[in-house]
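Spelled out, the chains give:
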Amino acid sequence: QNNPSGFITTTATVTGYDLVKSNSAHYPDETYPVLQFQASDGRTITVRSQSQINHAHDRLGTRYQVAYSTTDPVSARPVTSDGPIAGSVFLFFIGLFPLSIGGIWLMHLLRHQALP
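Procedures and definitions
Residues numbered from 1 in each chain as written. Predicted model: local features only at pLDDT ≥ 70, side-chain atom pairs only at ≥ 80, totals over all residues. Heavy atoms only, no water. Helix = DSSP H or I, 4+ residues; strand = E, 2+ residues; numbered from the N terminus. Contact = heavy atoms within 4.5 Å. Areas by Shrake-Rupley, 256 points an atom, 1.4 Å probe, with all protein chains shown as cover. Pairing = 2+ DSSP bridges. Axes fitted to C-alpha atoms, helices over the stretch in contact; angles between N-to-C directions. Phe/Tyr/Trp six-rings, centres within 6.5 Å; stacked < 30°, edge-to-face > 60°. Buried < 20%, exposed > 50% of the residue type's maximum accessible area, 1.4 Å probe, protein only. Lys NZ or Arg CZ within 6 Å of the ring centre and 35° of its normal.

Colleague: Where do I start with the overall build of the chain in this structure?
Modeller: Helix and strand counts for the chain stand at one helix and five strands. Within the chain, residue pairs in contact and separated by at least 24 positions form 45% of the contacts whose partners lie at least 6 positions apart. As displayed, the chain offers around 8,300 Å² of accessible surface, 60% of which is attributable to carbon and sulfur atoms.

Set out below in structure tokens:
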């Protein structure tokens, strides 16, 4: 199915995992799901997801909608809100928490500031 951005969307399945070893003792190894899908020309494309596994949705057999370019299908990206992209949305809202605490603290200081 073509979309306005010039990419084609299709369904990919998690068929395995790719472990990327860290070169540093300070960072853990990362595991990425391997996605497989049928391109519009009939080829079977296998790619490593750009997002690492961080929740149960990435189990073997999990299916995602992916968008890919016919000229570079290996750059396919998940497009569903319940897949790896959901982690970014979660982190955005977690990032709002410190901002709200700072706002509350500032309001408290302004209310209790002594008037000259």
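There's plenty left to go through after this.
Colleague: Just to check I follow, could you spell out the pairing of strand β5 (residues 72–78) for this structure?
Modeller: For a regular strand, side-chain orientation follows a simple rule: the groups alternate between the two sheet faces. Relative to β5, strand β4 (residues 63–69) is paired through three bridges, and the arrangement is antiparallel. Paired with Val66 across the strands is Pro78, a residue of β5. Counted along the chain from β4 to the antiparallel partner β5, the turn is two residues long.

Colleague: Help me understand the environment of Thr70, please; the structure alone is not making it clear to me.
Modeller: Secondary-structure assignment places Thr70 in the loop between β4 and β5. The sequence separation of Thr70 and Asp41 amounts to 29 residues, and the corresponding C-alpha distance is 8.5 Å. Those residues in contact with Thr70 that lie beyond four places of it in its chain are Ile8, Ser40 and Arg43.

Colleague: Could you clarify how one ought to interpret the environment of Val34 in this entry?
Modeller: Inspection of the secondary structure assignment puts Val34 in strand β2 (residues 30–38). The sequence separation of Val34 and Val47 amounts to 13 residues, and the corresponding C-alpha distance is 5.7 Å. Setting aside residues no more than four positions away along its own chain, Val34 makes contact with Thr13, Val14, Thr15, Gly16, Tyr17, Asp18, Thr46, Val47 and Arg48.

Colleague: Would you take a moment to explain the sheet that holds β4 for this structure?
Modeller: The strands that make up a sheet pair up through hydrogen bonds in the backbone, lying either parallel or antiparallel. The five strands lie next to each other as β3-β2-β1-β4-β5, forming an open sheet whose pairing is antiparallel. At either end of the open sheet lies a strand with only one pairing partner, and these are β3 (44–48) and β5. Each strand axis lies, on average, 40 degrees off the axis of its neighbour in the sheet, ignoring direction. The sheet contact formed by strand β1 (residues 8–20) and β2 spans seven bridges and is antiparallel. Residue Gly16 lies in a different strand from β2, and its bridge partner there is Val34.

Colleague: Sorry if this is basic, but what is going on with the packing of aromatic side chains here?
Modeller: Think of a pair of aromatic rings as described by two things: how far the centres are apart, and how the planes are tilted against each other in angle. Overall, the coordinates contain one aromatic pair when judged by the stated rule. Consider the rings of Phe37 and Tyr68, whose centres lie 4.9 Å apart with planes at 40 degrees: the pair is tilted. Here the residue Phe37 occupies a position in strand β2, and Tyr68 occupies one in strand β4, the gap between them amounting to 31 residues. The class for Phe37 is buried, based on a relative accessible area of 3%. Accessibility expressed as a relative area gives 1% for Tyr68, which makes it buried. Across the ring face of Tyr32, the terminal group of Arg48 is positioned such that the distance to the ring centre comes to 4.7 Å.

Remember that the coordinates give geometry; whether it matters functionally is a separate question.
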